[in-house]
Amino acid sequence: MSARRRSPTFWALLAFTLAVCAFLIVPVWMSMLAGVTQNYFTGWRGGLTLGWVIKVWTDYRHTVFLSLKVALACLACTLLLGVPAAYVLARRSSALARAIEELLVMPVAVPGLATALALIVTYGGFGDVRRSWGFILIGHVLFTLPFMVRSVLAVLASIDLKTLEEGARSLGASFTQRFFGVVLPNCRSGIVAGSLMVVTLSLGEFNMTLLLHTPLTPTLPVGLADAYASLRIEVGSAYTLIFFVIIIPLLVALQWASRPRDPNATS
Amino acid sequence: MKSDRTLLIALMLPAAVVFIAFFLLPLANLFRIGGTGKMGWAAYGAVLTEPRYLSSLLATVALAAATTVATLFISGVAGVFLSRNRFRGRAVLTALLTLPLAFPGVVIGFMVIMLAGRQGLIPDITDALFGERLVFAYSMAGLFVGYLYFSIPRTILTVMAAAEKLDPRIEEAARSLGAGPLRVVRDVIVPALQPALLAAGAICFATAMGAFGTAFTLATKINVLPMVIYTEFTLQANVAMAAALSFVLGAITWAALALARTASGSSVAAAG
């Protein structure tokens, strides 16, 4: 293919694809630059500064720490709940197992707004639950659990789990030995990809969090929305820059971890 | 084998308990509360009978449909191109195109402001070219651009994954039988990609219906259903109406995904 002379169609399509890429990447670059310029109106020629970033870090770093705390707690929950669940779903091919799989994906299909409202009208009145960050955590776990389950399930479905386990069993391995010695090491890639997805989604979750949070528990995206609405564009940009510094390495790692597979759909 | 079954149930139990307690029961409760307002159970019909809600429902559906069509076209072209051609920089280009995969809606709203806001790039360009600043970030058009931004990366991934599996020989055969490039696209590539396009389109539609981070950043007065629900809940304190509307919205997005799933024969999940 590459040895052949490129047709005009090739160049037209390449130009189109590059334009799409520019649409996605140019605003990211612009906002990163705006976060370190003295004054957005005069542009970067007016001088670069870390002043805005430092200001945002001073005023909003609690949102960064809270988001990281929620994301890590969410990861722990989805690992504890999701990996065993994926294992069960991989072992069973009954209609019930498929129905459970479909049900588990529902929190992703139903808008976060509806789930958050449902949680508030049901548990909002229970003592201090509403005021703690645990309330946000519940929402995030519901939303990210399907991604962990699917990611692990996709790997488990592609290996011959049954033969591996039977081999281990015939050698006298107990269930615990099999689970930790055979099953977990074999689905490591799925756990890594799922974990990156869970942390990335939890750090950016807004649809639910806006309703679930209280003035005492603002997460990073909630703080971002606040900054966009009320502060000058350099501050919003500097805040976004901090978010990008956290999220972009995760997204790059995610691309690397899920390279051979399509992260959107498992068939 | 019997103890094995107990073990499997025990392993499934924690996820099941969390799911039932924090999702199924609250959702059932939401449905009940939707019927406890001034209008009673008629609240569920209000989205069709009240002109205010109907207009925002129609606007939301139109926006979601337009987003879906445009995303499928753009991502279809770029995705097939990337999977069919090998050239230097292809890997980097693919990586850049899928980088914003999990950007939250609020941040995407800010990206739209960077492009088309009061101090944005597009107004600067139109100012230089035509002497007029074209600002459209804070409207339905801005929301459309935001949802495109959100949907393109994941749709390109889906299209590329499906296009890799196509057999190039079928295209060769069509070409050798005299089909022009457009004919090959229409009669060979699009039908072969149909399941993937359907699945990806359903995800676009569902997320564009239900997302509200972008609308929240751009302008709270954009008349889409999620914004209406948010306003009913926070400003009007009309919990019953908000509950009924969000339940209807959830039913629509869930139905769109379920429909695509039956039509395409593979499982589909919205993301983000």
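Conventions used here
Residues numbered from 1 in each chain as written. Chains lettered and ligands numbered in written order. Predicted model: local features only at pLDDT ≥ 70, side-chain atom pairs only at ≥ 80, totals over all residues. Heavy atoms only, no water. Helix = DSSP H or I, 4+ residues; strand = E, 2+ residues; numbered from the N terminus. Buried < 20%, exposed > 50% of the residue type's maximum accessible area, 1.4 Å probe, protein only. Contact = heavy atoms within 4.5 Å. Areas by Shrake-Rupley, 256 points an atom, 1.4 Å probe, with all protein chains shown as cover. pLDDT = per-residue confidence, 0-100. Buried area = accessible area lost by both parts, 1.4 Å probe. Salt bridge = Lys/Arg side-chain N within 4 Å of Asp/Glu carboxyl O. Polar contact = N/O pair within 3.5 Å; in protein donor to acceptor, adjacent residues only side chain to side chain. Nonpolar A, V, L, I, M, F, W, Y, C, P; charged D, E, K, R; others polar. Phe/Tyr/Trp six-rings, centres within 6.5 Å; stacked < 30°, edge-to-face > 60°. Lys NZ or Arg CZ within 6 Å of the ring centre and 35° of its normal. 1 Å grid on protein atoms, 1.4 Å probe; cavity = no way out; pocket = protein on both sides within 12 Å on 5 of 7 lines; lining within 4 Å. Points joined across faces, edges and corners; volume = space filled by probe spheres on them. Patch = residues over 30% accessible without salt bridge, like charges linked within 9 Å, V, L, I, M, F, W, Y side chains within 5 Å.

Visitor: Please give an account of the overall build of chain A that cites residues and values.
Guide: Across its full length, chain A holds eleven helices and zero strands. Secondary structure elements of chain A, listed N to C terminal, follow the sequence α-α-α-α-α-α-α-α-α-α-α. Along the longest, intermediate and shortest principal axes, the C-alpha atoms of chain A span 75 × 70 × 30 Å. Taken over 267 residues, chain A has a buried fraction of 56%. If you take every contact in chain A between residues at least 6 apart in sequence, the share linking residues at least 24 apart comes to 74%. For chain A, the accessible area works out to roughly 11,800 Å², and carbon and sulfur atoms hold 67% of it.

Visitor: Account for the confidence of the model for chain A, naming residues and giving values.
Guide: Residues of chain A with pLDDT of at least 70 account for 95%, and the chain-wide mean is 86. Residue range residues 261–267 of chain A is modelled with pLDDT below 50. Its contacts to residues more than four positions away, or to other chains, number 17 contacts.

Visitor: Describe in detail the interface of chain B and chain A, supporting the description with residues and values.
Guide: Contact with chain B, which involves 82 residues of that partner, is made by 85 residues of chain A. In total, about 7,800 Å² of surface goes out of reach between chain B and chain A, with carbon and sulfur atoms giving 79% of it. One can count zero salt bridges joining chain B with chain A. Joining chain B to chain A, the criterion identifies nine residue pairs in polar contact (both at pLDDT 80 or more). Contributions of two or more residues to the side of chain B that touches chain A are made by α1 (2–34), α3 (51–84), α4 (90–98), α5 (105–116), α7 (140–164), α10 (213–218), α11 (225–234) and α12 (239–264) of chain B. For the side of chain B that touches chain A, the residue count by class is 62 nonpolar, 14 polar and six charged.

Visitor: Could you give an account of the packing of aromatic side chains, naming the residues involved and the relevant values?
Guide: Under the definition given, this model contains 29 aromatic pairs over all chains. Relative to F65(A), the ring of W57(A) has its centre 5.6 Å away and its plane inclined at 75 degrees; by these criteria the two rings are edge-to-face. Judged by its relative accessible area of 45%, F65(A) is partly exposed. Within the aromatic cluster, the residues linked to one another by ring pairs are F23(A), F243(A), F244(A), F103(B) and Y149(B). Sitting above the plane of the F10(A) ring, R6(A) keeps its charged end 4.2 Å from the centroid. Seen from the ring of F150(B), R154(B) lies directly overhead, with NZ or CZ sitting 4.6 Å from the centre.

Visitor: Quick one: what's the story with the side chain of S75(B), residue by residue and with numbers?
Guide: Relative to the helices and strands, S75(B) resides in helix α3. Residue classification places S75(B) among the buried residues on the basis of a relative accessible area of 0%.

Visitor: Let's hear about the layout of surface pockets: which residues, and what values?
Guide: Considering only enclosed or pocket space, the second largest pocket measures out at about 1,100 Å³ in volume. T9(A), L13(A), V80(B), V185(B) and I189(B) are the residues nearest the centre of the second largest pocket, which is lined by 30 residues in total. Of all the elements in the fold, those that place two or more residues in the lining of the second largest pocket are α1 (8–34) of chain A together with α3, α8 (168–176) and α9 (181–210) of chain B. The element contributing the most residues to the lining of the second largest pocket is α9(B), with eight residues. Here the lining of the second largest pocket is composed, by residue class, of 18 nonpolar, five polar and seven charged.

Visitor: Residues and numbers for the pattern of salt bridges, please.
Guide: The tally for this structure, following the rule as stated, stands at 16 salt bridges over all chains. Where R91(A) meets E165(A), a salt bridge forms, and the shortest distance between an N and an O atom there is 3.2 Å. With R91(A) in helix α2 (residues 51–91) and E165(A) in helix α6 (residues 161–170), the pair connects residues that are 74 residues apart, well separated along the chain. Its salt-bridge partner being R90(B), residue E164(B) comes within 3.7 Å of it at the nearest N-O pair. Taken together, the residues span a long stretch of sequence, with E164(B) in helix α7 and R90(B) in helix α4 at a distance of 74 residues. We classify E164(B) as partly exposed; its relative accessible area is 41%. For R90(B), a relative accessible area of 14% gives the class buried. Through salt bridges that share partners, R84(B), E171(B), E172(B) and R175(B) make up one connected network.

Visitor: For a nonpolar patch on the surface, give the residues involved together with the corresponding values.
Guide: A contiguous nonpolar surface patch, about 310 Å² in accessible area, is contributed by L103(A), I20(B), L24(B) and L25(B). Tallying contributions element by element places α1(B) first for the nonpolar patch, with three residues. Judged by its relative accessible area of 41%, I20(B) falls in the partly exposed class.

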